[in-house]
Amino acid sequence: FKFDAVLPPSATQADVYNVSAQAVIQDVLDGYNGTIMAYGQTGAGKTYTLSDMVFDDVGSFHSTGIIPRSAADIYIRAERDKDHEYRISMSYIQIYMEMIQDLLRPENSNLSIRETEAGGIFVAGIEEVQVKSIEDVMKLLMIGDRNRRFAFTRLNAHSSRSHTIAMLTVEKKAPGISEKVLVGKLFLVDLAGSERLKKSGSEGLRASEAMSVNMSLTALGKCISARADPSVLHVPFRDSKLTRLLQESLGGNAKTSLIVNIAPCSEYLQETLSSLQFGARVSVAMLKTIAIY
C-alpha cells in the first residue's frame, strides 16, 4: 500500500498534525473548506488522534490531538496577521443511527441537512458559538464529548457509537469599509469504528448501532470509489447522512486528509487489511491519506 505518509508507533501527536493537518489549516485561512477524517476499526486510536487533551497541575489545557492543535494554529496565525480581522465560530454534532444531534445543545436532535441556493450543504438548526480563544474551543469540546454516544464492547471499553464532526468556521476580512469576507470551514471528523459483530460481542442495541455505523461507512466507501473512477457519472452522496454532509469534502471546494488508524496485531489482520484497502481507495480519489499504526 502506498500513502502520502506512514507513521510508526514512535510518532508523536505533533508529527501526526504536521503531516495531516497543518497544510489544511492554511487553506482554511485562505478561504477554502478543509476536512480531516480519522478512519479505522474500533479501538485503533481515532478519538485519541483527533481529540486528546491534557491538563497540567493548575488545570490549564494543552493542545495534543488534531482538533485542539488545529484551533491553536488558527489563533496563532490570525494573531500574526495584522492586515485582517477574524471571527471564528464552532459547532459540534454527532450522527447516531442516521440521526443528527447537536452535541452543544443535545435537545436539538433529528436535525435536517439542507442545501443553499449556491449548492452548499449545511445542518439546519445547529448551535454555532463564537469562540475567541483556544480555551473556548476546548471547553466546547468537553461539553460535546459528554453528550457523545459511547458503549462497552469486547474491542473497546469506551467505543464510540456515532460519527462526530467538529466544525470551525473562519471569517476573514480587511478592516475598514470593504465588504469582502473570506470564509473557510474546517470539518474535523471522528468516524465511528467499523467492527465485526462476532468479535465485538455486540447484541441488541449495540448490534443495531454497529450495523448502522457499518452501513454509513460502506456508503462512504462507495462515494470514494465512485470519485476515484472517471467513468462513473453518479456519486451516491444521498445514501447516508454522513456522505450527504461530507459531500463538499469529497467532491467540492475542499482540501481533505484521511487518517487511517490501524492496530498492528495478528488478531485483527482482516480489519487492518480492510482499513488499508479503504485508505488506498481514498488515495486513488486524490485525497491525502496518512496511515498510523
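Per-chain numbering applies: the sequence of each chain, read as written, is numbered from 1 onward. For this predicted model, a pLDDT threshold of at least 70 governs which residues receive local features, and a threshold of 80 or more governs which side-chain atom pairs are given and counted, while totals over whole chains, interfaces and linings are taken from all residues. Just so you know, side-chain values use all the structure's heavy atoms and leave hydrogens and water out.

1. Re the packing of helix H2 (residues 22–29) against helix H4 (residues 66–80)
Rules: Angles here are taken between N-to-C directions and fall from 0 to 180 degrees, while the axes themselves are lines fitted to C-alpha atoms, restricted in helices to the stretch in contact. Under the DSSP-based scheme used, a helix requires at least four consecutive residues in state H or I and a strand at least two consecutive residues in state E, with every element numbered from the N terminus. For classification, angles of less than 35 degrees are called roughly parallel, those exceeding 145 degrees roughly antiparallel, those between 65 and 115 degrees roughly perpendicular, and all remaining angles oblique. Take the far helix as your reference; a near helix turned counterclockwise from it by less than a right angle gives a left-handed crossing, and one turned clockwise gives a right-handed crossing. Residue contacts are counted whenever heavy atoms from the two residues lie within 4.5 Å of one another. Residues are sorted three ways: Asp, Glu, Lys and Arg are charged, Ala, Val, Leu, Ile, Met, Phe, Trp, Tyr, Cys and Pro are nonpolar, and all the rest, Gly among them, are polar.
With their axes 10 Å apart at the nearest point, H2 and H4 run at an angle of 50 degrees to one another. In this view, H2 runs oblique relative to H4, as classed from their interaxial angle. Handedness of the crossing formed by H2 with H4: right-handed. Residues Gln-22, Ile-25, Gln-26 and Leu-29 of H2 lie in contact with H4, whose contacting residues are Ser-70, Asp-73, Ile-74 and Arg-77. Across the contact of H2 with H4, the residue classes break down as 3 nonpolar, 3 polar and 2 charged.

2. Thoughts on the side chain of Thr-164
By the element assignment, Thr-164 lies in strand E12 (residues 163–173). Residues within four places of Thr-164 in sequence aside, it is in contact with Tyr-92, Ile-93, Gln-94, Leu-103, Arg-148, Leu-188, Val-189 and Asp-190.

3. Overview of the UniProt feature "binding site: ATP" (unreviewed entry) in the protein
The following threshold applies: UniProt positions are given in the numbering used here, feature names are shortened, and annotations may be inferred rather than shown by experiment. We call a residue buried when its accessible area falls under 20% of the maximum for its residue type, exposed when it is over 50%, and partly exposed in between, using a 1.4 Å probe and counting protein chains only.
Per the UniProt record, the feature "binding site: ATP" (unreviewed entry) sits at Gly-40, Gln-41, Thr-42, Gly-43, Ala-44, Gly-45, Lys-46 and Thr-47. Mapped onto the elements, Gln-41 comes out in the loop between strand E2 (33–40) and helix H3 (46–51). Judged by its relative accessible area of 4%, Gln-41 is buried. Tracing the chain through its elements places Ala-44 in the loop between E2 and H3. Residues contacting Ala-44, with those up to four places away along its chain left out, are Asn-261, Ile-262 and Ala-263.

4. Quick look at the pattern of salt bridges
Keep this limit in mind: Note on definitions: salt bridges are taken to be side-chain nitrogens of Lys or Arg within 4 Å of carboxyl oxygens of Asp or Glu.
Applying the stated criterion across every chain, the model contains 9 salt bridges. Measuring nitrogen to oxygen at the nearest pair gives 3.8 Å for the salt bridge that ties Asp-145 to Arg-148. Note on Asp-145: relative accessible area 22%, which makes it partly exposed. Judged by relative accessible area, Arg-148 falls into the buried class, the value being 6%.

5. Considering the packing of helix H1 (residues 13–20) against H2
As a packed pair, H1 and H2 sit with axes 4 Å apart at the nearest point and diverge in direction by 50 degrees. Taken together, the axis directions place H1 and H2 in an arrangement best described as oblique. Here Tyr-17, Asn-18 and Ser-20 of H1 come into contact with H2, specifically with Gln-22, Val-24 and Ile-25. Grouping the constituent residues of the contact of H1 with H2 by class yields 3 nonpolar, 3 polar and no charged.

6. Remarks on the pairing of strand E15 (residues 288–292)
Under the convention used in this document: When DSSP finds two or more bridges between two strands, those strands count as paired.
Most of E15 sits inside the fold, with 4 of its 5 residues counted as buried. In this structure, strand E1 (residues 5–7) lies alongside E15, joined through 3 bridges in parallel fashion. Of the residues in E15, the one forming a bridge with Val-6 is Ala-291. Where strand E14 (residues 254–261) lies against E15, 5 bridges are found, and the strand directions are parallel. Each bridged residue has a counterpart across the sheet, and for Ile-259 the counterpart in E15 is Ile-290.

7. Quick word on the packing of aromatic side chains
Think of a pair of aromatic rings as described by two things: how far the centres are apart, and how the planes are tilted against each other in angle. To keep it simple, the criterion reads: Pairing of aromatic side chains requires ring centres within 6.5 Å, counting the rings of Phe and Tyr and the six-membered ring of Trp. Pairs whose planes differ by under 30 degrees are stacked, by over 60 edge-to-face, and all others tilted. Only Lys NZ and Arg CZ are tested; either one counts as a charge over a ring when it is within 6 Å of the ring centre and within 35 degrees of the ring normal.
If you walk through the whole model with that rule in mind, you get 2 aromatic pairs. Relative to Phe-3, the ring of Phe-1 has its centre 6.4 Å away and its plane inclined at 0 degrees; by these criteria the two rings are stacked. We classify Phe-1 as exposed; its relative accessible area is 58%. Above the plane of the ring of Tyr-32 lies Lys-255, whose end atom (NZ or CZ) is 4.8 Å from the centre.

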